[in-house]
Each structure stands twice: as C-alpha cells, then as structure tokens.
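Coordinates in review
Residue strings, one per chain:
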Amino acid sequence: MIEVAVSLNPGLLKDLNQAGLLGLGDVHVAQKVSHLFGESDQRVHLALALAVRALREGSTCVEFDQLDQFRVAADPEATAAVADLPWPDLEPWLAAVASSAMVHTESAAVGDRPLRLIGRRLYLERYWQEESTVAEQLTARRQRSTDAPALPRVVTAAAELLTGDDLDQATAAIVGLFTGVSVIAGGPGTGKTYTVARVLAMMHRTATHRLSVALAAPTGKAAVRMDEALAGALASLPQDLAAQLVGLRASTIHRLLGWTPQSRHRFVHHGGNPLPHDVVVVDEASMVSVALMARLLDALRPTARLILVGDPHQLAPVEAGAVLADIVDAPAPRLPQLSAALNELGLPDSGTVAVLRRNHRSDATVAQVADAVLAADAEAVVELVGSGVPGVSFTENANDPALRRRVTSAALEMIRAARHGEVTAALAALGRHRVLCGHRHGDYGTDHWARTVEAWVNAELGADVDANPWYPGRPVMITQNSPEVGLFNGDAGVVIREAGQLRVHFDRGDHTQAVSPYLLDAVQTVQAMTVHKAQGSQFAEVSVILPPVESPLLTRELLYTAITRAEHGVHLIGSAASLRQAVLNRARRASGLSSRL
C-alpha cells in the first residue's frame, strides 16, 4: 500500500509526473483515493490520475485507445512535445482496472466507487452519471411526442412568417414544433437569433394556449447579447407576435435554475421541482458543460421543449464536456410528424438538428476562409490568406507595419472621439479592430501584445499622452460579473469625457449604458484579448496572433473561432507551419455522449 505522506514514490506516477504528463494534483488525488480503497496496483493509480487529468483538460473520460494523442504539458500554454512514455501494456492494464475495488464496470448500479470503466473509456463516477443523465434525457425528449400542432395550422403560419429565401432558417423554424429537444447550429452571421424569433413566432401562432417561454445563456455577457440580438429580430415580426415576445429577457442558466449553493440539489429547480416553462431557449449552447446540461435537462417539465442554439465548431466550454458538438456529431433522429411537415412545406428533412449554412453578415472572403478551416483544407487556407484578395492577409512578421497602422488608426480615432464626447463614434472605433491571441503569457500572449499596442499608440500620441489611468479613449473590459450595475465578465467599453465628467460607455445594441469608472473594480485595459474571451463578440477586423507550432492551444477550433469574430477583415500573424497545424489539429475532448445518442 502506498504512503500518502510520500509525494512521489518511485513508479508510474513519478515517471509520468517527471515526463510532464501528470501534475502534482493528479498524482495526489490518485494516491489519496487509492490509499482509501487499499489499491496497491500502480497501473490503477495511473488510470485514476489520468481520469483526473482528463477532467482538468475538459474531457469527461480517458480513452485508453487514444493515449498516444496525449500532449505532454502540465501548463496548458506550455510547448512541450509528445514524448515516448512508459505506458503499461494495454490489455493487462485494462484487466487490472476492471478488477479493482475502486471501479464499477459497464452499467453496474450506482455505488460508492470513484471510477467507472465502460469498454475502453474510464470515467470518474460523477461524470459518468452526468453524461448518462444527458444521454438518457436527450434520447427520451427528442423522441417523445410533444403537443405538436396540426399540419394545416403549421402551413398557414409558415406562409405568414417564413417568407425569406434561406431554406435552412425555415427548416429550423419548423423543427422545434415537433420535438422535445431541437438544435439550431450555425456560425456567426448565419441568422441564429433571427431564426429563434421565427421559431417562437411559429410556436405562438400554432399553439392552442399561451406559452411560457424562458431565454437563457451560459454567461451574463451572452445573456445580454441574446437580448440585444432578439430585440432587433422581433422588429421584422407581425406586431401582435412582437408584442407577445418583446417582454422576454434572457438570464444565465444558473439564475434560471435558481442557484442555491447550500441546498442538496444546488438549484431550486430540479426533477422534483421543475421549471414552469413550456419552452426554454439556450443561446451559446456550445459553452454549456455536461454537468450544467444535466441539471438543465433534469429541471425541465416532461412536456417542455428545449431549443439549443450555438456554433458547435467554436471553442468548447471551460468545464468538462462538449455537449452541443456531441449532439451535432451524432445522427439526428427522424420523426414522422416532423418529416411530414417538412415535406408538405418543401423543406429538407433535417431531423432534430437544423444547421444554418449561409453567412448573411461576414464578407465572402472571410466566410470562405472559415469554411476552408472547417473542411481541414490547410492548403486552401494558406492559398486564400496569401492570395492578396481584400479582407484577408497573412504575414510571418510580428512587426508588420500594416498591423501597427490598423491598431493605431482605430485607437487614435477612439481617443479623439472620446475626448470630444462623441459616444457613437468612440464605440464604433472600439469595434473596428481587435488583436486576438491564443495565449495569455509570453511573446504570443495578450500580456505582451497589450503592452506592444499601448506603446505603439503612445508613440503616435507623443506629448499628447494622457497620464490619467482613466483617460478618455481607454478601452476596458470587465473581468468579473457585476450584476448590480448590469455588467458582466467580458463586456467591453470605452472611457468617454462628457460635460467634464468621465463615464465608461458600453454598447447595448439599440442604446448605450454609461457607468462611472469609480464603480468598476474588476477591469483591465483591452488592447488585446484571448480568443476564448472574444467568443460572442464581433469586430470589423481582427488580427490573430497564432501560437507557436508546438503549442497545445493551436487547434482548428481556436483558429475558426478567431476568424469568425471578424465581419470584414482577418489578418493572421505567425508561421506558415503554425497556420497549417491549426487547420489540421482538431481539439479532442474525450466523451462517450455522441456514441450514446
């Protein structure tokens, strides 16, 4: 039996910790739990440590037949390469894990063992249960017969409301009428929120009773953006329907469920006390973890409809799981009533997942580059960004004069407008350009690039630099939720001088929100930001600092998310090898959910 007091006894855990694969936290958990269960086999200790590591990196399980895909990096921003590691022989290793007192196998009843082995996937028991809840709920709800409207009512409503020429949007507006869980998947600019408005309008037109609708998103920032986008989409609906929907306000999923940390269920709403709503719409669903999705599904009424909206190709949630991507990757069930309605309307049978493909916002060249990235066509991406066509560019020179011109032009216009109290112009300049980085630290990170941009701007200003830390034209980002003033982590604004007073203004779509800078505690100057932080935001142009080729953060999802933040211009800075690697390297989150749907 191991001694818990000894941090690293000789053996597999020590070897793999020294190789950089396991952190000390992974090792400590494995040692502690193994001690409690009297487990002496080092191979089982290693399996448990890997399960902890997998969870830390966003996976819900360890896939034993994919261990060669592991990257050796204790720090997610480290740049160590894959090494030859002292893995045990696979089949005896699996047999040892299966026979351990710490492990349940297959579909054994819930018990007090910390691990669950399903085939060649090893889960921490809690995450097996969370994934099981999601899989069972999704399967049952997607196939359950909802209170589907009569086909003549659907045809009449469609003739009134679905008059556009985007067949994908029309299909998505029908799908939600006939299934308990539907998905509207699409990239930025494909009209997801416009389509949500059409879905809700179709539901209200075809319902036989007044519907209770809830809107939610994973973060406060995403909830605010959902409100802004939906307000614009409602303007194109008939007045009576717009009047029914105009009062809807999005909340975070936690707020919708009623977060109560001290309670047994952690939320007010759960299976024993479900949400009262007939319809729940979740925007930015790609950011929802498996644990939060399990709580949401459990809290829905049996007859409620859930509509998941998001881009499955974006970066996955910070926490474990990639639920939206798993749903979209799995075969979408075909439902007879849904198929009949789509056929009657001359629309393609999408099953319960509707994918929006037409980009109505970004310039064609930007959309073309994003499509090539998703197709994993590295040579097409390299050719497009190097072709000299307007709107996209690529350089290996981090001191590219064109980058400096883009950065300083937008910053100087923002400062000029802010000094003169021109709120609209200052906020427009804030959205003109943004430097995006995969890393936070080092030469490729936001810390370095924020200092670089600041130095460039100050050099242009010369003696006109304002020494006040709250200078007019300072771009700031909220780094902590402040619901008492209506601001959330990731919100960006500009300090503006108005009538001799300084206020920080935030764009809220059809209006601006002004807050005294002295009410803001958790803020930072945002001359550059991470791609992850930029999710949900749009800019006229972005300049993307590609991580080095050996970085574990250099993935297709990172590159796609960065590119799709831009409406009119994408400028990539890095090596050609990094660009190719990003296109070809898909982020892998181990999960069994897709195979269970």
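Here goes a summary of the coordinates provided. (Residues numbered from 1 in each chain as written. Predicted model: local features only at pLDDT ≥ 70, side-chain atom pairs only at ≥ 80, totals over all residues. Heavy atoms only, no water.)

In the structure shown here, the tally under the stated rule is five aromatic pairs. For the pair Phe64 and Trp93, a centre-to-centre distance of 4.9 Å together with 90° between the ring planes defines the contact as edge-to-face. Taken together, the residues span a long stretch of sequence, with Phe64 in the loop between strand 1 (61–63) and helix 4 (90–98) and Trp93 in helix 4 at a distance of 29 residues. Summarising the burial analysis for this pair, Phe64 and Trp93 share the class buried. Members of the aromatic cluster, each reached through a chain of ring pairs, are Phe64, Trp87 and Trp93. (Phe/Tyr/Trp six-rings, centres within 6.5 Å; stacked < 30°, edge-to-face > 60°. Helix = DSSP H or I, 4+ residues; strand = E, 2+ residues; numbered from the N terminus. Buried < 20%, exposed > 50% of the residue type's maximum accessible area, 1.4 Å probe, protein only.)

Attention now goes to empty space enclosed by the protein. Where empty space is left in the structure can be found by rolling a water-sized probe over the atoms. By the definition in use, this model includes five cavities of 30 Å³ or more. Taken as a whole, the largest cavity spans an internal volume of roughly 140 Å³. Lining the largest cavity are 13 residues, and of these Val407, Met414, His433, Arg434 and Gln527 lie nearest its centre. Where the lining of the largest cavity is concerned, the elements lending two or more residues are helix 17 (401–419), helix 18 (423–430) and strand 12 (433–437). A per-element tally of the lining of the largest cavity places helix 17 first, with four residues. Residues that form the lining of the largest cavity fall into these classes: ten nonpolar, two polar and one charged. By volume, the second largest cavity amounts to about 90 Å³. Around the second largest cavity, the lining residues are Leu161, Leu162, Thr163, Gly164, Asp166, Gln169, Ala170, Tyr194, Thr195 and Arg198. Here the lining of the second largest cavity gets three residues from one element, more than from any other, and that element is helix 8 (residues 192–206). (1 Å grid on protein atoms, 1.4 Å probe; cavity = no way out; pocket = protein on both sides within 12 Å on 5 of 7 lines; lining within 4 Å. Points joined across faces, edges and corners; volume = space filled by probe spheres on them. Nonpolar A, V, L, I, M, F, W, Y, C, P; charged D, E, K, R; others polar.)

This brings us to the sheet that holds strand 6 (residues 213–217). The strands making up a sheet associate through backbone hydrogen bonding, with each pair oriented either parallel or antiparallel. Within the open sheet, the six strands sit side by side as 7-6-8-9-5-10. Their pairing is parallel. Of all strands in the sheet, those with a lone pairing partner are strand 7 (250–252) and strand 10 (353–356), marking the two edges. Neighbour to neighbour, the strand axes of the sheet diverge by 20° on average, direction disregarded. Here four bridges tie strand 5 (residues 181–186) to strand 10, and the two strands are oriented parallel to one another. Within the sheet, the bridge partner assigned to Val183 lies in strand 10 and is Val353. Sheet strands in contact with helix 8 are strand 5, strand 6, strand 8 (279–282), strand 9 (305–310) and strand 10, and its direction is about 165° off that of strand 9. Along the sheet, helix 9 (residues 220–234) makes contact with strand 6, strand 7 and strand 8, crossing strand 7 at roughly 170°. (Pairing = 2+ DSSP bridges. Axes fitted to C-alpha atoms, helices over the stretch in contact; angles between N-to-C directions. Contact = heavy atoms within 4.5 Å.)

This paragraph deals with the sheet that holds strand 19 (residues 539–545). Read from one edge to the other, the open sheet built from five strands follows the order 11-20-19-12-18, with strand pairing classed as parallel. The sheet is open, and its two borders are formed by strand 11 (392–395) and strand 18 (528–530), each paired with just one other strand. Averaged over all adjacent pairs, the angle separating strand axes in this sheet is 25°, with direction ignored. Looking at chain direction, strand 11 and strand 20 (residues 566–573) are connected through four bridges and run parallel. Its bridge partner being in strand 20, Val392 is matched across the sheet by Val570. Sheet strands touched by helix 17: strand 12, strand 19 and strand 20. Its angle to strand 12, the strand with the most contacts, is close to 125°.

Further remarks concern the pattern of salt bridges. Going through the model one piece at a time under the given rule, you end up with 25 salt bridges. Note that Glu130 and Arg295 form a salt bridge whose closest N and O atoms lie 2.7 Å from each other. Here Glu130 is found in helix 5 (residues 125–143), whereas its partner Arg295 is found in helix 12 (residues 290–298), with 165 residues between them in sequence. The pair Glu130 / Arg295 is uniform in exposure class, with both members buried. As a salt-bridge pair, Glu160 and Arg205 come within 2.8 Å of each other at their nearest N and O atoms. (Salt bridge = Lys/Arg side-chain N within 4 Å of Asp/Glu carboxyl O.)

Before going further, it helps to spend a moment on the layout of surface pockets. Size it by volume and the second largest pocket reaches roughly 360 Å³. What lines the second largest pocket is a set of 17 residues, among which Asp227, Glu228, Ala231, Arg249 and Asp510 lie closest to the centre. Of all the secondary structure elements, the ones that give two or more residues to the lining of the second largest pocket are helix 9 and helix 10 (239–245). If you tally residues by element for the lining of the second largest pocket, the top one is helix 9, at six residues.

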